[in-house]
Amino acid sequence: MAPSLDLANLPDADVVTLAQQGREAAFRELLRRYERPVFSLIFRMVRDREISEDLAQDTFIKVLNHIDKYRPEFKLSSWLFKIANNVAIDHLRKRQLDTVSIDGSPHASSAAEIEATSFDLAARQESALDEMEARELGNAIERAIARLRPEYRSCIMLRHVEGRSYEEIAATLDLPLGTVKTYIHRARHELREALEDVKGHG
Amino acid sequence: MEHRHLLPDEIDQLLDGEAGFGVAPLIAHIEACPACRAELAEARQVVNALERLPHFAVSPTFADKVMSQVQVFEPWHVTALDTVKQWVPTSKPARALALATTSVLALVISVLTVWMAVRLDAFLFFFELASQRARAALFDAVGGAIANAFGSAAVDALRAGGMTAALGVTGFLALIVVAAVGLRALVGTARRRRT
């Protein structure tokens, strides 16, 4: 039995070292720290709770089963977000949904397809987005994020929800720094326009 | 700068809170230009709303589902180290005492090992002597027990029969003792079950 360790106060690098030594408590600590951010990133990309949980599970299984390959010169969180973004983008590509819009997929060719791919907030009473209902602006921005292109979405989430620098986002998503800046600028612009529409209608 | 409004990139610089030589004129312009100030305020509103977005909770079984598919392998040296750590006292004086005791023991064992390596012939001599004495003591004890049970004639017969006979009798006696202990244990278990 391992001696008791105050894992919650250790930095990521130390917890990873303990996980590399095969301590299950360290694996669970990493899960505790990152399950919400990783799930939230994927959920805002995929917009389906069940699928998002499956993808978040895949992300952690990949990372934790290869924890011995972790290089300490990179942030663990960057590695996790990179895998999370990749699994979410792969899923969206498989589904051929470039954008999951509340108005339905842009690839939908019939009324039935539009309905099937539409993002119906009213029908998702039990979804995590219910948490947003009380906050009008929060709800409006969630809807606006759902309309963004996936690559804009991951950049803007990492920048403003996870508080990552442009350089970290570029390293995490394997994108040139200039591209990241452009994506974030465009995403902010589109979000502003979407919120102005909401205000205009309100 | 005074004759034009801020470019989108310049608004972004202010939004990101960048510092540096180029930012001061942008801040000066914002202070002087209501249109650009309003533009920046609107952009900041979006950023603030984004930064207030919460993290969503996963289902309570999420961690267990993940861990059921993660291979946790504890290397032998980690297990060994943990076992040793369990024996290390927590208080400082106890740790110092344990260290001193371990050091003395290690020293004694080391000296004995070196002595045995240097004086291997003497060690073998003493070992042979000790084993002879142990054998003689065993024979006396077994012989005494047999003489009490079967008489001195049996002891003489055994001495004439040699080592094989002695071993056979010892095994037989041991079997009787084991059977008696086993029977007693069985009876004890049956009694406990009944009560």
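Predicted model, so just to flag it, every value in this text is computed and none were measured. (Residues numbered from 1 in each chain as written. Chains lettered and ligands numbered in written order. Predicted model: local features only at pLDDT ≥ 70, side-chain atom pairs only at ≥ 80, totals over all residues.)

Student: Which residues make up the overall build of chain A, and what values do they have?
Tutor: The helix and strand tally for chain A stands at 9 helices and 0 strands. Along its sequence from the N terminus, chain A presents helices and strands in the succession α-α-α-α-α-α-α-α-α. Looking at chain A as a whole, 36% of its 202 residues are labelled buried. (Helix = DSSP H or I, 4+ residues; strand = E, 2+ residues; numbered from the N terminus. Buried ≥ 20, exposed ≤ 12 C-beta atoms within 10 Å, placed from the backbone.)

Student: Go over the overall build of chain B with me, naming the residues and quoting the values.
Tutor: When helices and strands are counted, chain B shows 9 helices and 0 strands. Of all 195 residues assigned to chain B, the portion counted as buried reaches 5%. Sequence separation of 24 or more characterises 38% of the internal contacts of chain B that already satisfy a separation of 6 or more. (Contact = placed C-beta atoms within 7 Å.)

Student: Kindly report on helix α3 (residues 49-65) of chain A, identifying the contributing residues and their values.
Tutor: For α3(A), spanning 17 residues, the distance from its first C-alpha to its last is 24 Å, which sits close to the expected 24 Å at 1.5 Å a residue. Those residues of α3(A) that fall on the buried side of the exposure criterion are S52(A), E53(A), L55(A), A56(A), Q57(A), T59(A), F60(A), V63(A) and L64(A). As for α3(A), its buried residues are in contact with α2 (24-46) and α4 (76-94) of chain A together with α4 (62-67) of chain B. (Expected span 1.5 Å × (residues − 1).)

Student: Help me get a handle on unusual backbone geometry, residues and values and all.
Tutor: Residue and element names in this part refer to chain A. In the Ramachandran plot, R47 falls in the positive-phi region, its phi being about 60° despite a non-glycine side chain. Position of R47 relative to the elements: it lies in the loop between α2 and α3. Judged by C-beta crowding, with 22 C-beta atoms within 10 Å, R47 ranks as buried. The backbone phi angle of D174 is positive, close to 55°, even though this residue is not glycine. Summarising the element assignment, D174 is placed in the loop between α8 (166-173) and α9 (177-201).

Student: Describe the packing of helix α1 (residues 8-15) of chain B against helix α3 (residues 34-51) of chain B, naming the residues involved and giving the relevant values.
Tutor: Residues and elements named next belong to chain B. One can describe the packing of α1 onto α3 by two numbers: an axis separation of 10 Å at closest approach and a directional angle of 55°. Taken together, the axis directions place α1 and α3 in an arrangement best described as oblique. As α1 runs across α3, the sense of the crossing is right-handed. Residue-level inspection shows I11, L14 and L15 of α1 in contact with α3, the latter providing E39, L40, A43, R44 and V47. (Axes fitted to C-alpha atoms, helices over the stretch in contact; angles between N-to-C directions. Parallel < 35°, antiparallel > 145°, perpendicular 65-115°, else oblique. Left-handed = near helix turned anticlockwise from the far one by under 90°.)

Student: Tell me what's going on with the interface of chain B and chain A, and back it up with residues and numbers.
Tutor: Interface size, as often reported, equals the accessible area lost upon joining of the parts. With 33 residues of chain B at the interface, the matching set in chain A holds 35 residues. Residue assignment for the side of chain B that touches chain A shows that the elements contributing at least two residues are α1, α3, α4 and α5 (76-87) of chain B. Across the side of chain B that touches chain A, the residue classes break down as 20 nonpolar, 5 polar and 8 charged. (Nonpolar A, V, L, I, M, F, W, Y, C, P; charged D, E, K, R; others polar.)

Student: Requested: an account of the confidence of the model for chain A, with residues and values cited.
Tutor: Close inspection of predicted coordinates is inappropriate in any region flagged by low pLDDT. Residues and elements named next belong to chain A. Predicted confidence across chain A gives a mean pLDDT of 81, with 75% of residues reaching 70 or more. Mean pLDDT across the elements of chain A bottoms out in helix α5 (residues 111-117) (46) and peaks in α3 (95). Counted against residues more than four places away or in other chains, residues 98-126, with its pLDDT under 50, gives 35 contacts. (pLDDT = per-residue confidence, 0-100.)

Student: Talk me through the nonpolar core; I want residue IDs and the actual numbers.
Tutor: Residues and elements named next belong to chain A. Among the nonpolar cores identified, the biggest contains 52 residues, and I42, L80, A84 and C155 are the most heavily contacted of them. In terms of residue count, α2 provides more of this core than any other element does, 12 residues in total. Apart from the residues lying within four places of it in its own chain, the contact partners of L80 are Y34, V38, T59 and V63. (Core = buried A, V, L, I, M, F, W, Y, C linked by C-beta atoms within 7 Å.)

Student: Explain the environment of K62(A) residue by residue, including any values.
Tutor: Residue and element names in this part refer to chain A. Summarising the element assignment, K62 is placed in helix α3. With 16 C-beta atoms counted inside 10 Å, the residue K62 sits in the partly exposed group. Taking C-alpha positions, K62 is 9.2 Å from L80, a pair spaced 18 residues apart along the chain.

Student: Tell me about helix α1 (residues 12-20) of chain A, and name the residues and values.
Tutor: Every α-helix carries 3.6 residues per turn, so stepping three or four residues along brings you back to the same face. All names here are of chain A. V15, V16, L18 and A19 are the residues of α1 that are buried. Down the axis of α1, the buried set is contained in an arc of 160°. They therefore lie on one face. Elements that come into contact with the buried residues of α1 comprise α2 and α4. Immediately beyond the C-terminal end of α1, within one or two residues, lies G22, with a positive phi of roughly 85°. (Arc of directions from axis to C-beta.)

Student: Talk me through the packing of α2(A) against helix α7 (residues 150-161) of chain A; I want residue IDs and the actual numbers.
Tutor: Residue and element names in this part refer to chain A. Contact geometry for α2 and α7: axes closest at 10 Å, N-to-C directions at 150°. Where α2 crosses over α7, the handedness of that crossing is right-handed. For the pair α2 and α7, contact is made by S40, L41, R44 and M45 and by P150, R153, S154, M157 and V161, respectively.

Student: An account of the confidence of the model for chain B is requested, with residue identities and associated values reported.
Tutor: All names here are of chain B. With 94% of its residues at a pLDDT of at least 70, chain B reaches an overall mean of 84. Element-level mean pLDDT values for chain B span from 75 in helix α8 (residues 152-161) up to 95 in α4. Two numbers describe this predicted complex: its pTM, 0.62, and its ipTM, 0.75.

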